[in-house]
Amino acid sequence: MCKYNGRCKCVKCMLRKNIKFVHISSGCLFDGNDVVSTEESIPTPGVWYTWTKKWADEAITSHSYKDVLILRPRQLVSSVAHPSNLITKFLGFKEISAIDELNSITCIEDLFEMMEHLLSCNATGVFNCANTEVVTPYEISLMIKEYINPALIVKKISYDKLL
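Summary of the structure given here.

Thresholds applied
Residues numbered from 1 in each chain as written. Predicted model: local features only at pLDDT ≥ 70, side-chain atom pairs only at ≥ 80, totals over all residues. Heavy atoms only, no water. Helix = DSSP H or I, 4+ residues; strand = E, 2+ residues; numbered from the N terminus. Buried < 20%, exposed > 50% of the residue type's maximum accessible area, 1.4 Å probe, protein only. Contact = heavy atoms within 4.5 Å. Areas by Shrake-Rupley, 256 points an atom, 1.4 Å probe, with all protein chains shown as cover. Lys, Arg positive; Asp, Glu negative; His and termini not counted. Charge placed at Lys NZ, Arg CZ, Asp CG, Glu CD. Expected span 1.5 Å × (residues − 1). Arc of directions from axis to C-beta. Core = buried A, V, L, I, M, F, W, Y, C linked by side-chain atoms within 4.5 Å. Salt bridge = Lys/Arg side-chain N within 4 Å of Asp/Glu carboxyl O. 1 Å grid on protein atoms, 1.4 Å probe; cavity = no way out; pocket = protein on both sides within 12 Å on 5 of 7 lines; lining within 4 Å. Points joined across faces, edges and corners; volume = space filled by probe spheres on them. Nonpolar A, V, L, I, M, F, W, Y, C, P; charged D, E, K, R; others polar.

Summing up its helical and strand segments, the protein chain has six helices and nine strands in all. Projected onto the principal axes, the alpha-carbon positions of the protein chain cover approximately 55 × 30 × 30 Å. A buried classification covers 36% of the 163 residues belonging to the protein chain. The contacts of the protein chain with a sequence gap of at least 6 include a subset with a gap of at least 24, amounting to 75%. If you sum the accessible surface of the protein chain, you get close to 10,100 Å²; carbon and sulfur atoms cover 60% of it. The distance from the centre of the 18 positive side-chain charges to the centre of the 18 negative ones in the protein chain is 12 Å.

Given below as structure tokens:
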């Protein structure tokens with residue numbers, strides 16, 4: 001509840017100061033990968049984490065303040081090791097059980113360029129921020145095994161088992 005209330009307070013403060021509110025949300029708002037989701041798609045959370053992201057987005061957009069930019073990156077990767085980097089996370093495992101369903105991916109370095117572009121043209125609203133290619137978490141795991149850690153054990157699981 002704290003993060004939710006914190007975002008609401010931030011939006012109210014930005015409204016009073018007439019400052020653009022930029023919220024980095026999540027592209028993990030949709031249950032399953034069988035349908036392409038757009039900015040107009042209604043989120044279909046499957047787990048608690050995605051419900052909290054949906055509620056935060058709704059709280060932010062429910063205010064009368066219109067100068068709001070919500071960015072939704074998906075499966076963050078980077079050339080820099082970091083706990084939020086999907087590759088760094090995967091490197092920390094001895095065994096990975098991953099789904100073999102296509103997913104969008106967002107390179108952090110490209111996300112910065114996306115943000116700069118959206119801010120420079122004074123964009124508002126919700127934007128799914130992902131690179132153009134898609135990949136499965138299973139394929140990422142296999143690449144890590146092939147190129148970085150041959151000892152990694154990679155198992156394919158269903159989406160339902162993942163949840």
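After that view, the rundown keeps rolling.
This part covers helix 4 (residues 108-120). Over its 13 residues, helix 4 runs 18 Å from end to end, which matches the ideal 18 Å to within 8%, given 1.5 Å per residue. Within the sequence span of helix 4, burial applies to L111, M114, M115 and L118. Buried residues of helix 4 fall within an arc of 100° about the axis and therefore sit on the same side. Exposed side chains of helix 4 directed beyond 90 degrees from the buried face belong to E113, E116, H117 and S120. Close packing links the buried residues of helix 4 with strand 1 (21-24), strand 2 (68-73), strand 3 (76-77), strand 6 (106-107) and strand 7 (125-129).

Turning next to helix 2 (residues 48-61). Between its first and last C-alpha, helix 2 extends 20 Å over 14 residues, near the 20 Å set by a 1.5 Å rise per residue. Considered for burial, the residues of helix 2 that qualify are T50, K53, K54, A56, D57, A59 and I60.

Backbone phi values are negative for most residues with the exception of glycine, while trans is the configuration of most peptide bonds. For N18, which is not glycine, the phi torsion reads 60° and is therefore positive. One non-glycine residue with positive phi stands out, namely Q75, at about 45°. Here Q75 lies in the loop between strand 2 and strand 3.

This part takes up the nonpolar core. Most often, soluble globular proteins keep nonpolar side chains buried together rather than apart. Ranked by size, the top nonpolar core spans twelve residues in total: V77, L86, F90, I96, A98, I105, V135, Y138, I140, I144, L152 and V154. Mapped by element, the contributors of at least two residues to this core are helix 3 (86-91), strand 4 (95-99) and helix 5 (137-147). The element best represented in this core is helix 5, accounting for three residues. Each residue touching A98, except ones within four places of it in the same chain, is listed here: P137, Y138, S141, K155, K156 and I157. In this structure, L71, M114, M115 and C129 belong to the second largest nonpolar core, which totals eight residues.

Across all of its chains, the model carries five salt bridges by this definition. With a closest N to O distance of 2.7 Å, K20 and D67 form a salt bridge. Residue K20 is found in the loop between helix 1 (2-17) and strand 1, and its partner D67 is found in the loop between helix 2 and strand 2; the two are separated by 47 residues along the sequence. Owing to a relative accessible area of 16%, K20 belongs among the buried residues under this scheme. The closest approach of N and O atoms between K156 and D100, which form a salt bridge, is 3.4 Å. Of the two residues, K156 sits in strand 9 (residues 153-157) while D100 sits in the loop between strand 4 and strand 5 (103-104), which places them 56 residues apart along the sequence.

Our focus in this paragraph is the layout of surface pockets. Approximately 930 Å³ is the volume attributed to the largest pocket. Elements that contribute at least two residues to the lining of the largest pocket include exactly helix 2, helix 3, strand 4, helix 4 and helix 6 (159-162). Among the elements that line the lining of the largest pocket, the one with the most residues is helix 4, at four residues. By residue class, the composition of the lining of the largest pocket is 21 nonpolar, ten polar and four charged.

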